[in-house]
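Architecture and fold: a report
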Amino acid sequence: AEEIAGFVMACRTSINNGLPEDIILPDLDWPSYAGKKRQPPWFILTAILLAQSGYRVFMHGSAGHTANRLYTETVLTELGMKPADSWNDCQQQLVTRNFSYLPLEKFCPELQQIIDLRPLLGLRSPVHTLVRLLNPLNADTSLQSVFHPAYSDTHHQAAQLLGQKNAAVFKGEGGEVECRPYADIAVKRIYQHQTDHYSIKRTLSQAEEMPVRTKALTALWEEAEPNQQGLETVLATTAVALHTMGIEENFQTAKEKARQLWDNRSSTIN
């Protein structure tokens, strides 16, 4: 945890040199670096739902470092939500639509260069861990997903060392911040600088394999076709975000709130 926190502090020094003076702080920091290969990226709908509900969501990530994965940058482009090109562009998007995605290469290209070594090295480097803790805009709340449950303690402890006010760490689907309704999930949380943990019980007996395509998101959002697994994923992930931000005092009431937000969502996704 100490090593990761030290990496993050060093990287933040470089990042802060390029930030605008009158920075707009998001409500939620959302790292997205894994890409999806087994399930559609339902978590993107959670981010959009929260943004439409008045919460400012800042997402950052990278694309293309691992073959046969669908990355957030690609999905957002296909949804007509162009990623930001600079910090100024990011700030404008946060003002106009409460959501912005800024690629890592735009604010810390040196880290992107190391991530791009993934195909050469044949495995992930420590950068894949530290980028999830960057929180470059210093949002009060940050969500983090780990590839393996054993990593959760390191992320949780590093977030404490970095003084993160609110955070949630759990094993997401494929390494992205996304609840798995077909599995029990252990969540390690920081709230108001105090640590706790809770469990989310599965609501589905097993996972249903489905094509990893952007159109699955629009189909669910527009209710073009029923998808219980997709909806349960979105609602649970939204509930984790609301609970971590302190909007609701426990996961169950947060999930009820998530359902209300979903029922009142805009008819269009962008």
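Summarised in this report is the structure supplied together with it. What you are looking at is a predicted structure, and each value in this text was computed from that prediction instead of being measured. (Residues numbered from 1 in each chain as written. Predicted model: local features only at pLDDT ≥ 70, side-chain atom pairs only at ≥ 80, totals over all residues. Heavy atoms only, no water.)

1. Quick word on the overall build of the protein chain
Of regular secondary structure, the protein chain possesses twelve helices and seven strands. Whereas a compact globule of 270 residues would reach a radius of gyration of roughly 18 Å, the protein chain reaches 17 Å, a difference of no more than 12%. When the backbone C-alpha atoms are referred to their principal axes, the protein chain occupies close to 45 × 40 × 40 Å. Evaluated residue by residue, the protein chain yields a buried proportion of 55% over its 270 residues. (Helix = DSSP H or I, 4+ residues; strand = E, 2+ residues; numbered from the N terminus. Rg over C-alpha atoms; globule rule 2.2 N^0.38 Å. Buried < 20%, exposed > 50% of the residue type's maximum accessible area, 1.4 Å probe, protein only.)

2. A word on the pairing of strand β3 (residues 99-103)
Most of β3 is tucked away: five of the five residues are buried. Residues of β3 alternate between two faces, with F99, Y101 and P103 on one and S100 and L102 on the opposite face, all of them buried. Bridging between strand β2 (residues 57-61) and β3 involves five bridges; their strand directions are parallel. In the strand pairing of β3, H60 is matched with L102. (Pairing = 2+ DSSP bridges.)

3. Details of the packing of aromatic side chains
Across all of its chains, the model carries five aromatic pairs by this definition. The interplanar angle of 45 degrees and the centroid separation of 5.4 Å between the aromatic rings of W87 and F107 together place this pair among those described as tilted. Residue W87 is found in helix α4 (residues 87-97), and its partner F107 is found in helix α5 (residues 104-107); the two are separated by 20 residues along the sequence. The exposure class assigned to W87 is buried, which follows from its relative accessible area of 8%. Between Y198 and F251 the ring centres are 6.2 Å apart and the planes differ by 35 degrees, which places this aromatic pair in the tilted class. Of this pair, Y198 sits in strand β7 (residues 194-200) while F251 sits in helix α12 (residues 251-263), placing them 53 residues apart in sequence. (Phe/Tyr/Trp six-rings, centres within 6.5 Å; stacked < 30°, edge-to-face > 60°.)

4. Observations regarding the pattern of salt bridges
Using the criterion set out here, one finds eleven salt bridges in the structure. Residue R38 is joined to E173 by a salt bridge in which the shortest nitrogen-to-oxygen separation is 3.5 Å. One end of the pair, R38, is in the loop between β1 (28-32) and α2 (43-52); the other, E173, is in the loop between β5 (166-171) and β6 (185-191), with 135 residues separating them in the sequence. Using a relative accessible area of 38% as the deciding quantity, one classes R38 as partly exposed. A relative accessible area of 5% places E173 in the buried class. With its nearest N and O atoms 3.4 Å apart, the salt bridge here joins E223 to R265. Here the residue E223 occupies a position in the loop between α10 (215-221) and α11 (228-245), and R265 occupies one in the segment after α12, the gap between them amounting to 42 residues. On the basis of relative accessibility, which here comes to 16%, the residue R265 falls in the buried class. Among the ionic contacts, a cluster of salt bridges with common partners joins K36, R38, E173 and E178. (Salt bridge = Lys/Arg side-chain N within 4 Å of Asp/Glu carboxyl O.)

5. Quick notes on the packing of helix α1 (residues 2-16) against helix α9 (residues 152-161)
In contact at an axis separation of 8 Å, α1 and α9 are set at 50 degrees when each is read in the N-to-C sense. Between α1 and α9, the angle falls in the class oblique. The two elements α1 and α9 meet at a crossing, and its hand is right-handed. In this structure, α1 uses E2, I4 and A5 to contact α9, whose residues at the interface are T154, A158 and L161. (Axes fitted to C-alpha atoms, helices over the stretch in contact; angles between N-to-C directions. Parallel < 35°, antiparallel > 145°, perpendicular 65-115°, else oblique. Left-handed = near helix turned anticlockwise from the far one by under 90°. Contact = heavy atoms within 4.5 Å.)

6. Some thoughts on the packing of α11 against α12
In helix packing, the relevant descriptors are the interaxial angle and the interaxial distance, both defined with respect to the helix axes. For the pair α11 and α12, the least separation of the axes is 8 Å and the interaxial angle reads 120 degrees. Of the possible angle classes, the one that applies to α11 and α12 is oblique. Helix-helix and strand crossings are classified by hand; for α11 and α12 the assignment is right-handed. Contact residues: L231, E232, V234, L235, A236, T238, A239, V240, L242 and H243 in α11; F251, A254, K255, K257, A258, R259, L261 and W262 in α12. Tallied by class, the residues present in the contact of α11 with α12 amount to twelve nonpolar, two polar and four charged. (Nonpolar A, V, L, I, M, F, W, Y, C, P; charged D, E, K, R; others polar.)

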